[in-house]
Structures are given as C-alpha cells and as structure tokens.
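Here are the chains, one letter per residue:
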Amino acid sequence: QLQLVESGGGTVQAGGSLTLSCAASGSRLDYYNIGWFRQAPGKEHEGVSCLSSGDNATYYADSVKGRFTISRDNGKNTVYLQMNSLRPEDTAVYYCAISWCLIKTMWPWYEDWGQGTQVTVSS
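Conventions we followed
Residues numbered from 1 in each chain as written. Predicted model: local features only at pLDDT ≥ 70, side-chain atom pairs only at ≥ 80, totals over all residues. Heavy atoms only, no water. Disulfide = S-S within 2.5 Å. Helix = DSSP H or I, 4+ residues; strand = E, 2+ residues; numbered from the N terminus. Buried < 20%, exposed > 50% of the residue type's maximum accessible area, 1.4 Å probe, protein only.

Before going further, it helps to spend a moment on the state of the cysteines. Applying the stated criterion to the full structure yields 2 disulfides. Disulfide partner of Cys22: Cys96, at an S-S distance of 2.1 Å. Between Cys22 and Cys96, the S-S dihedral sits near 80°, and the bridge is therefore right-handed. In this pair, Cys22 is assigned in strand E3 (residues 18–25) and Cys96 in strand E9 (residues 92–101), connecting sequence segments 74 residues apart. Of the two residues examined, Cys22 and Cys96, each falls in the buried class. Covalently, Cys50 is tied to Cys101 through a disulfide, its sulfur atoms 1.9 Å apart. One disulfide, between Cys50 and Cys101, carries an S-S torsion of -70° and so falls in the left-handed class. On the criterion of sequence distance, the pair formed by Cys50 in strand E5 (residues 46–51) and Cys101 in strand E9 is long-range, its members being 51 residues apart. The same class applies to Cys50 as to Cys101, namely buried. Should the bonded cysteines of the chain be numbered as they appear in the sequence, the pairing reads 1-3, 2-4.

In structure tokens:
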C-alpha cells in the first residue's frame, strides 16, 4: 500500500515562498500521478496542481498558475510543491493524493485524506 505524508507547511507573509513535500512509502512514487489539493475552513477540497507519471505532464489551477511549481524526485520518492508569491487566499490545509491528471482539470483517485500540512499566509 502506498502511504503519503505531507510536510513543509508554516506561516509566511504575503509575497513570501514555501515548499511542501509529499513523501511516499510502501511503493515507488514514480508509478503514480500525484496531485496537491487544499481545503480552507468551511470549503471543499480544491485541486491545486497535478503531476503525471512517465511524461511528467503538469496541471495547475488558474488561481496558482505562474506562482506554484510541482516536481518530483524519484530518488527520494518525494513530490514537491514550490509556492511563490503567496497570497492570503492561499491559506489552507494542503494534501497530496494519487490523482487523475487531465489536460484542464484534476481529480483524486481516492478521497482518503491524511493529516495534511497547514499553510498560513498573513497580509
């Protein structure tokens, strides 16, 4: 069974940067499409970015396009989300999950969210 653990969250000022990590265990991460999702208080999970296996095709939500970058390090069995130019509306708990990565959208394979990692952006 593939297990994913998020880390790297914290509190930053608007305009700052933060890098999140999604560490995998139990299987090779490079076999899977991995997506980042976020949930703000009182809101549904929102797809943020998705990285396909094999060809490394990427998807980004319009709200983060040009500011966030998703990548993977197969040697470390980890997927990253580099977040730049952070805004207060980016404040949420961020989760990673096995996902479908489509050309213009993304969807989790299973909605078995873990602990996530909290990102807080102050104004």
